Amino acid sequence: MAHIIVVGNEKGGAGKSTVSMHVATALARMGHKIATLDLDLRQKTLGRYVDNRRRYLAKEGVELPSPDYIDLPEIDKAQLQPGENPYDHRLSAAVSQLEAEADFILIDCPGSHTRLSQVAHSLADTLITPLNDSFIDFDLLAHIDNDGERILGPSVYSEMVWNARQLRAQAGLKPIDWVVLRNRLGAQQMVNKAKMEKAIEKLSKRIGFRVAPGFNERVIFRELFPRGLTLLDLKDIGVQQLNISNVAARQELRDLIKALDLPGVSVRF
């Protein structure tokens, strides 16, 4: 049975697809069979990332470990029972197709609340939520007072995760391991950054998630997208000397994979 990793956050721009591609590629490079799904049916950033990788490697004649990717299959609506949602069946069919062969299935969710995203969260063995280091993004998890000190209560996304946890409990499935990444961090130590750290740590104990390190804000991630590459691929395509920023980013990825503590995964890069 494949371990399902869901990368979710209902706000765009948090780096979900960058995290998805790097986690998926890291697992593939460590010898794991990994399949991916992109639930943003309009933009399909992860799907385009994987396709860019396939075309670039074919053009350069290079073979590199890569995640598999499929689109959600279409469903004959005539076969649905009254009240059944076709998106539920499309996601279920895709997971059923992949889970027999894959060690991990990684599902990248859109930056908005959709039925597909809601169902995907209930399937998650591990839920990764990248979060920009900003109280604007923090508001997705919880409401906070004007001073940024006191948590007033959970917000919409936390409530959705709570509902997903309830559904899993009712089905007798193991609890979701929810990991929040402080992502796209700035280099400077600022008062806001310290407040964010304190607020996230406090909230983690209140609603039950682990905090893990994400990526600092780096230009390299945007530059890699057109070729579908990740930080782990640079030496394989002829980059002999990584700059300090690239080395630091590789270490951030290593720290992230270790922090996820996925079953059967030993970090080897």
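Residues numbered from 1 in each chain as written. Predicted model: local features only at pLDDT ≥ 70, side-chain atom pairs only at ≥ 80, totals over all residues. Heavy atoms only, no water.

## As for the nonpolar core
To keep it simple, the criterion reads: To form a nonpolar core, buried Ala, Val, Leu, Ile, Met, Phe, Trp, Tyr and Cys residues must be joined to one another through side-chain atoms within 4.5 Å. Summary of the burial criterion: residues with accessible area below 20% of their type's maximum are buried, those above 50% are exposed, and those between are partly exposed, where the area comes from a 1.4 Å probe applied to protein chains only. Runs of H or I in DSSP of at least four residues are treated as helices and runs of E of at least two as strands, each being numbered from the N terminus.
Judged by nonpolar contacts, the single largest core of 41 residues is most densely connected at Leu-37, Leu-91, Ile-105, Ile-107 and Trp-178. Among the elements that make up this core, the one with the highest residue count is helix H7 (residues 191–207) (5 residues). Among the nonpolar cores identified, the runner-up in size contains 40 residues, and Met-21, Leu-106, Leu-242 and Leu-260 belong to it.

## Here we look at the sheet that holds strand E4 (residues 104–108)
What counts, and what does not: When DSSP finds two or more bridges between two strands, those strands count as paired. The contact definition used throughout considers only heavy atoms, calling two residues in contact when any of these lie within 4.5 Å. Only C-alpha atoms enter the line fits that serve as axes; for helices the fit covers just the stretch in contact. Angles between N-to-C directions range over 0 to 180 degrees.
What the 7 strands build is an open sheet, ordered E3-E2-E4-E1-E5-E8-E9; its pairing is parallel. Each edge of the open sheet carries a strand with a single partner, namely strand E3 (68–69) and strand E9 (210–213). Inspection of the sheet shows strand E1 (residues 3–7) paired to strand E5 (residues 126–132) by 3 bridges, in the parallel sense. If you follow Val-6 over to E5, its bridge partner there is Leu-127. Sitting on the sheet, helix H2 (residues 45–60) is in contact with strand E2 (34–38), E3 and E4, with an inclination near 135° to E2.

## What to know about the pairing of E1
Of all the 5 residues making up E1, 5 are buried; the element is thus mostly covered by neighbouring parts of the structure. Of the two faces of E1, the one holding His-3, Ile-5 and Val-7 and the one holding Ile-4 and Val-6 are both buried throughout. Two elements, E1 and E4, share 5 bridges in a ladder whose sense is parallel. Considered in E4, the bridge of Val-7 is made with Asp-108.

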